[in-house]
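# Descriptive structure summary
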Amino acid sequence: MTLNGWMQICLFFVVLLLLVKPLGSYMARVFMGKSLFGLNSVLGPVERLTYRVCGIRAEDEMSWKSYAWALVLFSAVGLLLTYGIERTQQWHGRLLNPAGQGNVEPNLAYNTAASFTTNTNWQNYSGETTMSYLTQMAALTFHNFTSAATGIAVAIALIRGLSRRSAASIGNFWTDIVRAALYILMPLSIVLAMLLVSQGVIQNFSPYKTVPLVQATKTTAAVTTQTLPMGPAASQIAIKHLGTNGGGFFNANSAHPFESPTALTDFLELLGETVIAAALCYTFGLMVGDKRQGWALLAAMLIILVVFMSVCYWAESTPNPRLAGMNIDQTTSVTNPGGNMEGKELRIGIAASARFATCTTATSCGAVDSMHDSYMPIGGMVPMLMMQMGECILGGTGTGLYSILVLAIISVFIAGLMVGRTPEYLGKKIEAYEIKMASLLILLMPATVLIFTAVGCVLPQGTSAMGNPGAHGFSEILYAYTSQTNNNGSAFAGLNGNTPFWNITGSFAMLIGRFWFIVPTLALAGALARKKYVPAGAGTLPTHTPLFVGLLIGVILIVALLTFVPALTLGPVIEHLRLFTATI
């Protein structure tokens, strides 16, 4: 570990915190119907035209059931359209398919459609050799906007449930998703895409280029040329980070020089995938009328993020003991990065790679600038744990906020049990129905991950895809289902996911992880909206204090660790012990 590495990590958090208040205030104004500093006059006509064309009555509000039905049907139609575009891409024409990509195989097409619909963007394919330009733009980038906007909409619906009194509605799904995409995701994506293009990220419709190599290589025959993939990359890369989607335009994702050519683009992409999730905490505080509530949630998120990022950085800075006797210099110096550089870019380094790996799994983004499979056992366990905390450490756009709000409700319930008082959160009594919904939400994810992992480890259709035996192979399977169920999309390499078994079971995990979480969350929002406001009393637990932040952190860690420590022991923990102890 170096001072330069710690400065890179500190700079990221400083810039992130500086952006939280302005962006959070802006998003609150978007959903509270306030003036947007001139954007109303520019984008207002587009918004009204969208409502008119789609037959949306923006002023009509929905019950939680209507809201949920609209969301699920919208997502289902999007999934089917994406599947259809993938299955017909050989007819997309020379402009939109210059590489002549064929139709995507049915199982893979279904897996990809489910993946992008659920904001997971798990990829069992290489983008530059599988997808046409039209598929990348009209199917995948479309979902990058709509799935992210859907997550924001659900978070706003839950905020309304907490802030409204004796109300039968939680908003209008169509209005929320349009405003999230039009006023938040679209402007930010344009700005980020332009910044990326300025740094060398490609954006074109050019056919693939064949270029001569500076130095020829030789395998069985001399290789003197290389084919470079082209395409409208910057526009998709911008929204993949801002929407915490994560699907790479190219197979190497953000480690590819056409996706992230400089240290600045690496920083901008990392900032893009964290800023909306962090700022939504401030939006929450404004919309419930107490900014301290939002800061308390953000504090809990960032404390956990900082601690685990530090652990990941330490683990990756540690020399690999198995290389000690091989005359490989692993010491850190001005000219030598030291530590575990396997799977990492020299132009990015250990600190920035650990920073990116921790954030991309904390935010449910899944983009990578290094290969997590090559991390040290403890370093690789950190991204796994960030996902296993249930998308509540920043989390995806919207999903992080509503996930940590569910855990906040669990926390006040536990505090209420301690003092023998009916728990309250923001003036709403937390009773049996709310706890049932919250319990369902915190139990469903680990049950899905662990059941699918067990099946994948037992059936030959699952184990035949493993690239590594033993503990590391188990880690690959556990990571895959953790990533898919939590709608993250990152993966350990070495597992061949493009088989019927993995495509189908992975699709189920992604759909369960998205919609079986959203529907109970909306039910919780509806129940809270119907409740009357209860003034705080002497026995009410303040939920904006350091005490509550500590309680919330404790609940998050206990829920994750009690559930997943046995599985983690079979994977990264035993792998770490075997790496550092020759007798095990």
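Quick summary incoming for the structure in this document. Please read these numbers as outputs of a predicted model, since none were measured by experiment. (Residues numbered from 1 in each chain as written. Predicted model: local features only at pLDDT ≥ 70, side-chain atom pairs only at ≥ 80, totals over all residues. Heavy atoms only, no water.)

### Regarding the overall build of the chain
Note the threshold: Strands are runs of DSSP state E lasting at least two residues, helices are runs of H or I lasting at least four, and both sets are numbered from the N terminus onward. The atom set for the radius of gyration is the C-alpha atoms, and the globule formula is 2.2 Å times the number of residues raised to the power 0.38. Residue burial is assigned from relative accessible area. The probe radius is 1.4 Å, only protein chains are included, and a residue is buried under 20% of its type maximum, exposed over 50%, and partly exposed in between. Every residue pair with non-hydrogen atoms within 4.5 Å of one another is taken to be in contact. Here the accessible surface of atoms and residues is derived via Shrake-Rupley with a 1.4 Å probe, and residues count as covered only by protein chains that are part of the display. In this charge count, Lys and Arg are treated as positive and Asp and Glu as negative; neither His nor the chain ends contribute. Where a charge lies is defined by one atom per residue type: Lys uses NZ, Arg uses CZ, Asp uses CG and Glu uses CD.
Looking only at helices and strands, the chain has 19 helices and four strands in total. Here the chain has a C-alpha radius of gyration of 23 Å; the compact-globule value for 584 residues is 25 Å, and the two agree. Expressed along its principal axes, the backbone C-alpha trace of the chain runs to roughly 75 × 60 × 50 Å. Of all 584 residues assigned to the chain, the portion counted as buried reaches 57%. Counting contacts in the chain only where the partners sit at least 6 residues apart, residues at least 24 apart contribute 77% of the total. With an accessible surface of roughly 22,800 Å², the chain has 67% of that area assigned to carbon and sulfur atoms. Of note, the chain has its 31 positive side-chain charges centred 10 Å away from the centre of its 25 negative side-chain charges.

### A look at the side chain of S490
Where we set the bar: Polar contact is defined as a pair of N or O atoms within 3.5 Å, subject to the rule that within protein one atom must be able to donate a hydrogen and the other to accept it, and that residues adjacent in sequence are counted only when both atoms are side-chain atoms.
Mapped onto the secondary structure, S490 falls in the loop between α17 (470–485) and α18 (500–530). One polar contact links S490 to N488, side chain to side chain, over a distance of 2.7 Å.

### Section: the side chain of E269
Locating E269 in the fold gives a position in helix α10 (residues 263–287). In this structure the side chain of E269 is engaged in a polar contact, spanning 3.3 Å, whose partner is the side chain of H241.

### Digging into the environment of M32
When you line up the elements, M32 lands in helix α1 (residues 3–32). A C-alpha to C-alpha distance of 7.8 Å links M32 and M287, two positions 255 residues apart in sequence.

### Describing the pattern of salt bridges
Should the charged atoms of two oppositely charged side chains come close, the side chains can pair. So the rule is basically this: What makes a salt bridge here is a side-chain nitrogen of Lys or Arg within 4 Å of a carboxyl oxygen of Asp or Glu, nothing more.
Applying the stated criterion across every chain, the model contains twelve salt bridges. D290 is the salt-bridge partner of R292, the closest N and O atoms lying 3.0 Å from each other. Judged by relative accessible area, D290 falls into the buried class, the value being 18%. Of the charged contacts, one joins E424 and K429 as a salt bridge, the two residues approaching to 3.7 Å between their closest N and O atoms. What makes E424 buried here is its relative accessible area of 7%. Among the charged side chains, a network of salt bridges with common partners joins E431, E434 and K531.

### What about a nonpolar patch on the surface?
Keep this limit in mind: Distance thresholds for patches are 9 Å for like charges and 5 Å for nonpolar side chains (Val, Leu, Ile, Met, Phe, Trp, Tyr), applied to residues having over 30% relative accessible area and no salt bridge.
Residues I451, V455, V458 and L459 make up a contiguous nonpolar surface patch of roughly 350 Å² in combined accessible area. In this fold, V458 is placed in helix α15 (residues 432–458).

### What to know about the packing of α10 against helix α12 (residues 349–362)
Helix-helix packing is characterised by the crossing angle of the two axes and by the distance between the axes. Basically, it comes down to this: Axes, fitted as lines to C-alpha atoms, cover a helix only where it is in contact. Angles between the N-to-C directions of the axes lie from 0 to 180 degrees. Convention used here: angles under 35 degrees read as roughly parallel, angles over 145 as roughly antiparallel, angles from 65 to 115 as roughly perpendicular, and any remaining angle as oblique. In this scheme the crossing of two helices becomes right-handed for a clockwise turn of the near helix relative to the far one and left-handed for an anticlockwise turn of less than a right angle. Three categories are distinguished: nonpolar for Ala, Val, Leu, Ile, Met, Phe, Trp, Tyr, Cys and Pro, charged for Asp, Glu, Lys and Arg, and polar for the others, with Gly belonging to the last.
Orientation of α10 relative to α12, taken along the N-to-C sense of each, is 20°, at an axis distance of 10 Å. In terms of orientation, α10 lies roughly parallel with respect to α12. Considering only the axes of α10 and α12, their crossing is left-handed. Contact residues: α10 offers D266, F267, L270, E273 and T274, while α12 offers A352, R355, F356, C359 and T360. Looking at the contact of α10 with α12 residue by residue, the classes come out as five nonpolar, two polar and three charged.

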